[in-house]
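Architecture and fold: a report
Listed below, chain by chain, are the residues.
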Amino acid sequence: MTKKYDVIVIGAGPAGMTAALYASRAELSVLMLDRGIYGGQMNNTAEIENYPGFKSILGPDLSKEMYDSSTQFGVEYGYGEVTGIEVKGDERIVKAGDEEYIGSAVIIGSGSEYRKLGVPGEEDFAGRGVSYCAVCDGAFFKGEDVIVVGGGDSAIQEATYLANLAKTVTVIHRRSELRAQKILQERAFDRDNINFIWDSNVEEIQGDDKKVNQVKIKNNQTGEEKVVPAAGVFIYVGILPLTNAFKNVGITDDAGWIDTNDLMETKVPGIFAVGDVRKKHLRQITTAVGDGGIAGQGVFDYVESLKAKK
Ligand code: NAP
């Protein structure tokens, strides 16, 4: 039997969880679906120190705190890999595997995933030295030499985390200047065991039949090629929106991000989007939570307006 809800929230990251909290506290019936464990990208983050209320908190711990508070007003939480949304009059039908759920409204907070580098060896050595999650895999590289690729907040924050475990961390960045926030840069520069290789691109990740042992790089200014030995390669070269399932609804831009107005409404009535999946300037837990609050309140007004129409 297809179940009906006032609101279906897709994704249980900080944005989705906050939207679910606001909507359920306004006494709407809420289903929150996620294809994995709640928390989203927070689960891949070791230390969070820019979420007010906590001087410093581990990502998985903040995920649990948010989950407990967001579900206290009766949110139904379930597993679901959402494959599409159908718009049928005032119904928004969410498809997840063999299941279909009907909502008066949908809030999309499906987030993003790490972009792949796209070089030879990356796929072959995934899980055998190539990783996109220092918190998950860093412990496998205790006392070893590792490489971090990228120059943004993720690369530099995770390089500093890895420096606590690995013997050395070599950051390979394609320019001579980092994109990461200054405070993260300073912390990385202060560490004796973090080295930087500038203006360089990874050409290939190489290893034996078991695991990674070196990376071939090329300086994009001089053309010089060299090999850097390493047991692990952590790739942080940006993020991509997780929106394939929503392309048919016509709410994504050419790059796949979802456009909304200030009220988190997409151009389809009754479909809202929150958090990293939105086209936005600053992707942070704080901004995700802000989006969630706005959408959770907005969806109440939307559902009330539907009831008034009947
Ligand atoms: P990002 O900010 O897009 O940075 C991606 C980095 O990868 C850039 O340095 C970029 O180089 C490099 N890059 C991109 N494509 C590449 C390629 N093909 N080859 C080599 N290098 C490549 O992504 P992010 O660091 O994952 O961060 C995503 C979002 O989450 C950002 O909004 C960030 O602020 C936020 N975030 C915040 C925190 C925090 O506040 N503590 C922590 C993590 C993430 P260029 O610099 O040359 O473009």
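Summarised in this report is the structure supplied together with it. (Residues numbered from 1 in each chain as written. Predicted model: local features only at pLDDT ≥ 70, side-chain atom pairs only at ≥ 80, totals over all residues. Heavy atoms only, no water.)

1. Considerations on the packing of aromatic side chains
Here is the rule: Note on aromatic contacts: the rings of Phe and Tyr and the six-membered ring of Trp form a pair at centre separations within 6.5 Å, being stacked when their planes are under 30 degrees apart, edge-to-face when over 60 apart, and tilted otherwise. To qualify as a helix, a DSSP run of H or I must reach at least 4 residues; to qualify as a strand, a run of E must reach at least 2; elements of each kind are numbered from the N terminus. Type-normalised accessible area, obtained with a 1.4 Å probe on protein chains alone, sets the label of each residue: buried when under 20%, exposed when over 50%, and partly exposed for intermediate values. Cation placement over rings: the criterion is NZ of Lys or CZ of Arg within 6 Å of the ring centroid and within 35° of the ring normal.
Going through the model one piece at a time under the given rule, you end up with nine aromatic pairs. Here Y38 and Y77 contribute two aromatic rings whose centre-to-centre distance is 6.1 Å and whose plane-to-plane angle is 65 degrees, an arrangement assigned as edge-to-face. Taken together, the residues span a long stretch of sequence, with Y38 in the loop between β2 (30-34) and β3 (47-48) and Y77 in strand β5 (residues 76-79) at a distance of 39 residues. Y77 sits in the partly exposed class, given a relative accessible area of 26%. Ring centres of Y67 and Y77 lie 5.1 Å apart, and the angle between their planes is 65 degrees; this geometry places the pair in the edge-to-face category. You can see Y67 sitting in helix α2 (residues 59-70) and its partner Y77 sitting in strand β5, a full ten residues away along the chain. An aromatic cluster is defined as three or more aromatic residues linked by ring pairs; in this entry it consists of Y38, Y67 and Y77. K116 extends its terminal NZ or CZ atom over the ring of Y132, reaching a point 5.0 Å from the ring centre. The ring of W257 carries the charged tip of R283 above its face, separated from the ring centre by 4.0 Å.

2. Brief notes about the packing of helix α4 (residues 153-162) against helix α5 (residues 182-189)
Convention followed: Axis definition: a line fitted to C-alpha atoms, limited for helices to the stretch in contact. Angles are taken between N-to-C directions and run from 0 to 180 degrees. Definitions for this section: a left-handed crossing has its near helix turned counterclockwise from the far helix by less than a right angle. A right-handed crossing has that turn clockwise. Contact between two residues is taken to exist if any of their heavy atoms lie within 4.5 Å; hydrogens are not considered. Under the convention adopted here, Pro, Cys and the residues Ala, Val, Leu, Ile, Met, Phe, Trp and Tyr are nonpolar, Asp, Glu, Lys and Arg are charged, and Gly plus all remaining residues are polar.
In contact at an axis separation of 9 Å, α4 and α5 are set at 35 degrees when each is read in the N-to-C sense. Taken as a pair, α4 and α5 cross one another with a handedness that is left-handed. Counting all contacts with α4, which are made through D153, I156, Q157 and T160, the residues of α5 involved are L184, Q185, R187 and A188. Taken together, the residues that form the contact of α4 with α5 break down as three nonpolar, three polar and two charged.

3. Section: the pairing of β2
The following threshold applies: One bridge is not enough; two strands pair if DSSP finds at least two bridges between them. Throughout, right-handed denotes a crossover for which the path from the first strand over the helix to the second runs clockwise when the strands point away from the viewer.
With five of five residues buried, β2 lies mostly within the body of the structure. What you see with β2 is no split at all: V30, M32 and D34 on one side and L31 and L33 on the other are buried throughout. Two elements, strand β1 (residues 3-10) and β2, share four bridges in a ladder whose sense is parallel. Bridge pairing links I8 to L31 in β2. At this point the chain moves from β1, through helix α1 (residues 14-25), to the parallel β2, and the crossover so formed is right-handed. Pairing of β2 with β5, which is carried by four bridges, proceeds in the parallel orientation. Following the sheet pairing, D34 is matched in β5 by Y79.

4. Some details on the side chain of T243
The topology assignment puts T243 in the loop between β18 (239-241) and β19 (271-273). Under the relative-accessibility criterion, T243 is labelled buried at 1%. If we skip the residues at most four places from it in the chain, T243 touches T252, G256, I258 and V277.

5. What about the sheet that holds strand β16 (residues 225-229)?
Taken together, three strands build an open sheet; the order of strands is β14-β15-β16 and the sheet is antiparallel. Of all the strands in the sheet, just β14 (200-207) and β16 have a single pairing partner and so form its edges. The sheet shows a mean angle of 25 degrees between the axes of neighbouring strands, taken without regard to direction.

6. Observations concerning the pattern of salt bridges
Formally: Between Lys or Arg on one side and Asp or Glu on the other, a salt bridge is scored when a side-chain nitrogen of the former is within 4 Å of a carboxyl oxygen of the latter.
Evaluated as defined, the whole model comprises eleven salt bridges. The salt bridge involving K64 is made with D68; its shortest N-O contact spans 2.8 Å. One end of the pair, K64, and the other, D68, are both in helix α2, four residues apart, so they sit about a helical turn from each other.

7. A word on the layout of surface pockets
Spelled out, the test is: Using a grid of 1 Å spacing that covers the protein atoms alone, one calls a set of points a cavity when a 1.4 Å probe fits there but cannot get out, and a pocket when the set is open and has protein on both sides within 12 Å along at least five of seven lines; lining residues are those with an atom within 4 Å of a point. Grid points are joined across faces, edges and corners, and a volume is the space filled by probe spheres set on the points.
Put simply, the second largest pocket is a space of about 210 Å³. Every residue lining the second largest pocket is listed: K4, Y5, D6, D90, E91, I102, G103, S104, V303, L306, K307 and K310. Of all elements in the fold, only β1, β8 (99-108) and α6 (285-309) reach the threshold of two or more residues within the lining of the second largest pocket. Across the lining of the second largest pocket, the residue classes tally to four nonpolar, two polar and six charged.

Remember, this is a structural readout, not a statement about activity or role.
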